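# Per-entry structural report
Listed below are the residues making up each chain.
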Amino acid sequence: MTDAAISTAYSQILDVIGSVEPRIAAATRQELEDQRASLKLIASENYASPTVLLTMGTWLSDKYAEGTVGHRFYAGCQNVDTVESVAAEHARELFGAPYAYVQPHSGIDANLVAYWSILAHRVESPGLEKLGAKNVNELSDADWESLRQELGNQRLLGMSLDAGGHLTHGFRPNISGKMFHQQQYGTDPETGLLDYDALAARAREFRPLILVAGYSAYPRRVNFAKVREIADEVGATLMVDMAHFSGLVAGKVFTGDEDPVPHAHVVTSTTHKSLRGPRGGFVLAQEEFAGDVDRGCPMVLGGPLSHVMAAKAVAFAEARTPSFQDYAQSIADNAKSLAEGFLSRDATLVTGGTDNHLVLLDVSSFGLTGRQAESALLEAGVVTNRNSVPADPNGAWYTSGIRLGTPALTTRGFGHAEFDRVAELIVEVLSNTQPGTTKAGGPSKASYVLADGVAQRVKDGSAELLEKHPLYPGLELA
Ligand code: DSN
């Protein structure tokens, strides 16, 4: 599609929306302006292509299609079958996976499908066989109760939130921490790096049914071959959540032992982070888990979003091109440039650097909490998110860190020099920010005071970079 055609399409779409609810058209226009004018450094965000975005806006949304390809609970799903099959085929080929399930609506949904299917495969099916039943409907109440005890009595070992894991990896307040007996592994207190020997020792002691690897705020690569050895030794199923770095796997930056797909039994991901697709999730699995994963909807998920599955297919197709591999390599190169930019300005990074798509800046060296740093940066037009650091004294709400990722600005074309300048701008904000006080005059973990003139100076500095690398160049709304 040409720039002019895309501009016309979006202008007309917004006019149609505005004729029904002008506030939605206005907010949609404003979001484009805001994204164009800010430094987006949220590690889990990106900018999908106009093709991916346009694919989501169709009547495929109008169809119910619970079930799976060729086995639906609704009539008339022939076109959804095509959409889902094409998306799954692209996912399998992109990642070299035996099986792909593209229905999950988000990463959390993908993880729930994975947990459910591992429980069904490892505990429920053998349990039913032992009880002489084919499915739970054939069980007496007493048998079902004993099977339920066994299902609910399982153990999950995942990376702790403050070490960089995700809420769904067994964090107690999350459903994963409630449905499993959970334990968490952390990182080495000195280096901040994953300690495989400590992980193995913990796994031997705890003997989890599910060992979860993967992260949302750990700035390093993981050796999944080693983690699989640990899982095998203790009889655990290895599930890897690659939501953050699936773009780096697709782009062949993470290969061999760093590619989770050949090593894990089940892999989950989102599609909208480094993979640069529509918002959504998916599951890859070894053949033995396929039948259970396939029942994710309606056992765990609501009806599939066919319009989003269509956009996933387009995004996977885009990710199978050589230019996506260049993009993925640039994400990692740029993260190194950003890290070097901070280190050369004496800032403190968790693990001392990065070799993936994110850096975790410990802002306690600026005398700030993550919350204060996040707010001051936002005032200066730099969009980040606060994040815990290992053993964070400020907890998960205020935190002591800022997580910064390169996928979005790399899509805009930022390179080494731009990311070095981004580090400089961020250090300028943080070194000119002081902690504020509460209304009663005490120390506050939330309020902050940014010195006069800094926000504007940083916005001007960002504008120079952003203007050189426009978002959706050629897209002009009438
Ligand atoms: N929201 C995602 C992230 O920012 O990492 C994970 O849920």
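Refer to the structure presented above.
This write-up is about the structure you can find in this document. Computed from a prediction, not measured in an experiment: that's the story for all the values here.

## Observations regarding the side chain of Glu-124
Within the element layout of this structure, Glu-124 appears in helix α5 (residues 107-130). Buried charge without a salt bridge: Glu-124, with Arg-295 as the nearest opposite-charge side chain at an N-O distance of 4.7 Å. In this structure Glu-124 touches Leu-119, Val-136, Leu-147 and Leu-151, once residues within four positions along its chain are discounted.

## Some details on the packing of helix α14 (residues 322-343) against helix α18 (residues 416-431)
Between α14 and α18, whose axes approach to 8 Å, the crossing angle comes to 40°. For the element pair α14 / α18, the angle class is oblique. Here the hand of the crossing between α14 and α18 comes out right-handed. On α18, the residues touching Asn-334, Ser-337, Leu-338, Glu-340, Gly-341 and Phe-342 of α14 are His-416, Phe-419, Asp-420, Val-422, Ala-423, Ile-426 and Val-427. Looking at the contact of α14 with α18 residue by residue, the classes come out as seven nonpolar, four polar and two charged.

## Quick notes on the side chain of Ser-400
Here Ser-400 shows up in the loop between α16 (395-398) and β15 (401-405). Within polar-contact distance, the side chain of Ser-400 engages the side chain of Asp-392 at 2.7 Å.

## Comments concerning the site of the ligand
What surrounds the ligand is the set Ser-44, His-166, Ser-216, His-244, Lys-273 and Arg-403. A distance of 2.7 Å is found between an oxygen atom of the ligand and a side-chain nitrogen or oxygen belonging to His-166. A distance of 2.7 Å separates an oxygen atom of the ligand from a polar atom in the side chain of His-244. In isolation the ligand offers 230 Å² of accessible surface; the protein chains occlude 62% of this area. Of the residues that constitute the shell around the ligand, the class distribution is no nonpolar, four polar and two charged.

## Re the nonpolar core
Counting residues in each nonpolar core, the largest one holds 58 residues, and the members touching the most others are Phe-95, Leu-211, Phe-245, Leu-275 and Leu-284. Among the elements that make up this core, the one with the highest residue count is helix α4 (residues 78-95) (seven residues). Discounting chain neighbours no more than four positions away, the residues touching Leu-211 are Leu-157, Tyr-185, Leu-199, Val-227, Ile-230, Ala-231, Ala-236, Thr-237, Leu-238 and Met-239. Ranked by size, the runner-up nonpolar core spans 35 residues in total, among them Ala-373, Phe-414, Leu-465 and Leu-466.

## What to know about the layout of surface pockets
By volume, the second largest pocket amounts to about 360 Å³. Lining the second largest pocket are 17 residues, with Trp-116, Glu-124, Asn-135, Arg-295 and Met-299 positioned closest to its centre. Going through the elements one at a time, β2 (67-68), α5 and α12 (296-299) are the ones with two or more residues in the lining of the second largest pocket. Broken down by element, the lining of the second largest pocket gets its largest block of residues, four residues, from α5. For the lining of the second largest pocket, the class distribution of residues is seven nonpolar, six polar and four charged.

## A closer look at helix α2 (residues 22-37)
A rise of 1.5 Å per residue sets the reference length of α2, with its 16 residues, at 22 Å; its end C-alpha atoms lie 22 Å apart and thus fit the reference within 8%. Residues of α2 that are buried include every one of Ala-25, Leu-32 and Gln-35, and no others. Summarising the axial view, the buried residues of α2 lie within an arc of 100°, below the 170-degree limit, and thus occupy one face. Facing away from the buried side of α2, by more than 90 degrees, are the exposed residues Pro-22, Arg-23 and Ala-37.

What counts and what doesn't
Throughout this description, residue numbers start from 1 for each chain and increase along the sequence as written. For this predicted model, a pLDDT threshold of at least 70 governs which residues receive local features, and a threshold of 80 or more governs which side-chain atom pairs are given and counted, while totals over whole chains, interfaces and linings are taken from all residues. Side-chain calculation: all heavy atoms of the structure are included, whereas hydrogens and water are not. In DSSP terms, a helix is any run of H or I states spanning at least four residues, a strand is any run of E spanning at least two, and both are numbered starting from the N terminus. Exposed residues in this analysis have more than 50% of their type's maximum accessible area, buried residues have under 20%, and partly exposed residues fall in between, with area computed by a 1.4 Å probe over protein chains only. By the counting rule applied here, Lys and Arg register as positive and Asp and Glu as negative, while His and the ends of each chain are not counted. In what follows, salt bridge is the name for a side-chain nitrogen of Lys or Arg lying within 4 Å of a carboxyl oxygen of Asp or Glu. Contact between two residues is taken to exist if any of their heavy atoms lie within 4.5 Å; hydrogens are not considered. Whenever a helix is involved, its axis is fitted only over the stretch in contact; in every case the axis is a line through C-alpha atoms, and angles between N-to-C directions fall within 0 to 180 degrees. When describing relative orientation, an angle under 35 degrees is termed roughly parallel and one over 145 degrees roughly antiparallel, while 65 to 115 degrees is termed roughly perpendicular and anything else oblique. Left-handed describes a crossing whose near helix is turned anticlockwise from the far helix through less than a right angle; right-handed describes the clockwise counterpart. Residue polarity follows a fixed list, in which Ala, Val, Leu, Ile, Met, Phe, Trp, Tyr, Cys and Pro are nonpolar, Asp, Glu, Lys and Arg are charged, and the others, Gly among them, are polar. Under this definition, polar contacts are N or O atom pairs within 3.5 Å; protein pairs additionally need one hydrogen-donor-capable and one acceptor-capable atom, and for neighbouring residues in sequence, both atoms have to be side-chain atoms. We call a residue near a molecule or strand as soon as one heavy atom of that residue lies within 4 Å of the molecule or strand. Residue burial considers only the protein chains on display, and all accessible areas are found by Shrake-Rupley using a 1.4 Å probe. By convention a nonpolar core is built from buried Ala, Val, Leu, Ile, Met, Phe, Trp, Tyr and Cys residues, the set being connected through side-chain atoms within 4.5 Å. Every definition here rests on a 1 Å grid over the protein atoms only: cavities are sets of points where a 1.4 Å probe fits but cannot get out, pockets are open sets enclosed by protein on both sides within 12 Å along at least five of seven lines, and lining residues have some atom within 4 Å of a point. Grid points are joined across faces, edges and corners, and a volume is the space filled by probe spheres set on the points. What a helix is expected to span follows from its residue count: subtract one and scale by 1.5 Å. Comment: arc refers to directions from the helix axis out to C-beta atoms.

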